[in-house]
Amino acid sequence: MRVALLGCGVVGSEVVRLLREQADDLAARVGTPLELAGIAVRRPERVRAGVDPALVTTDAQGLVTRDDVDIVIEVIGGIEPARTLMLEAMKTGKSVVTANKALLAEDGATLFAAAREYGADLYYEASVAGAIPLLRPLRESLVGDHVHRVLGIVNGTTNYILDQMDSAGAGFNEALEEAQSLGYAEADPTADVEGFDAAAKAAILAQLAFHTPVTAADVHREGITEVSAADVAGATGMDCVVKLLAICERVPSDDGRNGRGVSVRVYPAMIPRTHPLASVREAYNAVFVEAESAGSLMFYGAGAGGAPTASAVLGDLVAVARNVVGGTPGPVEVTYAKLPVLPMGETVTRYYIHLDVTDEAGVLAAVAAEFARHEVSIQAVRQVGLGEEAQLVVVTHRAPDAALSAVVEGLRGLDSVREVASVMRVEGEETPR
Ligand SMILES: NC(=O)C1=CN([C@@H]2O[C@H](COP(=O)(O)OP(=O)(O)OC[C@H]3O[C@@H](n4cnc5c(N)ncnc54)[C@H](O)[C@@H]3O)[C@@H](O)[C@H]2O)C=CC1
Ligand SMILES: N[C@@H](CC=O)C(=O)O
Ligand code: NA
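The chain goes by Homoserine dehydrogenase in an unreviewed UniProt entry, where it is assigned to Actinomadura verrucosospora. Regarding the chain, the relevant UniProt record gives this comment under Cofactor (unreviewed entry): "a metal cation". Recorded under Sequence similarities (unreviewed entry), the UniProt text for the chain is reproduced unchanged: "Belongs to the homoserine dehydrogenase family."

Below you can see the structure in the form of structure tokens.
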């Protein structure tokens, strides 16, 4: 079985190493040897340890259409030329393994349609939560169940940064540089810290979980660049921790089993330190899947890094190679449910709000009135400090996000509120069954 590799960076170089070091085992598992036919790179002059220079080419297009190639692995990343190369590969009868969440979340439909049309496999386990087997469980193991919710930490870089801010009191930039030097961060850290990477993963997860088309553009996205030391301290005061969460939920309707639609969102939120996700440290990822019959399942492990991601790529490669040997393609995406993705304003969440206020009679009443005006119920309120230092910390019950935003706007307009110092959503009320 001849394999073409596109890209030889953090992930690609590890794929080459594993293919070489595990050649005998892989051959035994597939039933035939897996042989590298070529490696497309951008800079052929670079010396790459363990890479046979004779395999290196800058002609990616030529490589994917070669007759002696059976399977193409795409680990270039980005939209183009990755999309064109994968489409060309499938058009010429090859199956594809990719780690490219950005492309799958932006234009997966085009790739899935091509896979269907040309009878090719398109596997992408590495694209979400790196090494953690998550997509195959959703796509195959849980395909007979009814998934209600997927909740998790799917970006290692931001988890590393938030963990360092929480545990070591590190500054944002210092922690980001460390995450980059460890190979967790994307080349452009914006994708990580602004939540684009997690949003792409959330779209892929929601699509698989709910059999419904979801793209990155459908995902409500907030990154962690605005998370301040005050937010982290506020969370500590509540015995919570701040995590960047990806949440995909089926929103129930009164009568329909399928629900009214789905909510797919990524934002930093407080979760209680007792919640299992709170103990996910450093660059690790963890994802809860809640399904009707299976109950709660938790997936945990390395979500980023060259070797862990290459492990997922190799797992897909063996699966695809077995399908090629057996002459039977694997499962194709189905998005028959076509549930609408609901606007963020309709999503029900809880808020933590920290206010700098004037310390005088009637302030609490004015603040409480703002919540009442938008029908948001308060769960807890406490005053911290006195006089010039007076602060109010309010935690709400669950309410539509639009109502909670309106409350915050209203609070900003009150004379007695000097500053809305911190606003953050609170998750994790429903602990796993
Ligand atoms: N690094 C990680 O921890 C993870 C990465 N991924 C995904 O894996 C993919 C690869 O990521 P990395 O290896 O980290 O990126 P990288 O930037 O280290 O490697 C990409 C390589 O592709 C090369 N390249 C770019 N355009 C090319 C072209 N037209 N032809 C040939 N080579 C080209 C670049 O020169 C670079 O060496 C991305 O889609 C990324 O999102 C997924 C999970 C984890
Ligand atoms: N940059 C990502 C790794 C790839 O998925 C992360 O930090 O999790
Ligand atoms: Na995975």
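Picking up where we left off.
**Observations regarding the coordination of the sodium ion (ligand 3)**
In the first shell of the sodium ion (ligand 3), the protein supplies Glu125 (O), Glu125 (OE), Val128 (O), Gly130 (O) and Ile132 (O), at 2.4 to 2.7 Å from the metal. In terms of primary sequence, the donors binding the sodium ion (ligand 3) are separated according to E-x2-V-x1-G-x1-I. Exposure class is identical for valine 128 and isoleucine 132. Each is buried.

**Describing the site of ligand 2**
As a structural note, the neighbourhood of ligand 2 is formed by 10 residues, with Lys101, Gly156, Thr157, Tyr184 and Asp192 the closest of them. Here an oxygen atom of ligand 2 and a side-chain polar atom of threonine 157 are 2.6 Å apart. For ligand 2, the protein covers 93% of the area, taking 260 Å² as the surface of the free molecule. Elements that contribute at least two residues to the shell around ligand 2 include exactly α7 (156-167) and α10 (196-210). A per-class count over the shell around ligand 2 returns 2 nonpolar, 3 polar and 5 charged.

**Let's talk about the domain arrangement of the chain**
As far as domains go, the chain holds domain 1 (2-130 + 307-326), domain 2 (135-302) and domain 3 (347-426). Computed from C-alpha coordinates alone, the two centres of domain 1 and domain 2 are separated by 27 Å. For the pair domain 1 and domain 2, the summed buried area comes to about 1400 Å², and 59% of that belongs to carbon and sulfur atoms. When residues of domain 1 are sorted by the area they lose upon contact with domain 2, Lys101, Ala105 and Val128 head the list and together hold 38% of the total. On the surface where domain 1 and domain 2 come into contact, there are 2 salt bridges. Where domain 1 touches domain 2, the interface holds 6 residue pairs in polar contact (both at pLDDT 80 or more). Looking at the side of domain 1 that touches domain 2, the elements that each hand over two or more residues are α5 (101-118), β6 (122-123) and α12 (306-326).

What counts as what
- Residues numbered from 1 in each chain as written.
- Chains lettered and ligands numbered in written order.
- Predicted model: local features only at pLDDT ≥ 70, side-chain atom pairs only at ≥ 80, totals over all residues.
- Heavy atoms only, no water.
- UniProt positions renumbered as here; feature names shortened; annotations may be inferred.
- Donors = N, O, S within 2.8 Å, 3.2 Å for Na, K, Ca; no water.
- Buried < 20%, exposed > 50% of the residue type's maximum accessible area, 1.4 Å probe, protein only.
- Near = heavy atom within 4 Å.
- Polar contact = N/O pair within 3.5 Å; in protein donor to acceptor, adjacent residues only side chain to side chain.
- Areas by Shrake-Rupley, 256 points an atom, 1.4 Å probe, with all protein chains shown as cover.
- Helix = DSSP H or I, 4+ residues; strand = E, 2+ residues; numbered from the N terminus.
- Nonpolar A, V, L, I, M, F, W, Y, C, P; charged D, E, K, R; others polar.
- Domains from an automatic or database assignment.
- Buried area = accessible area lost by both parts, 1.4 Å probe.
- Salt bridge = Lys/Arg side-chain N within 4 Å of Asp/Glu carboxyl O.

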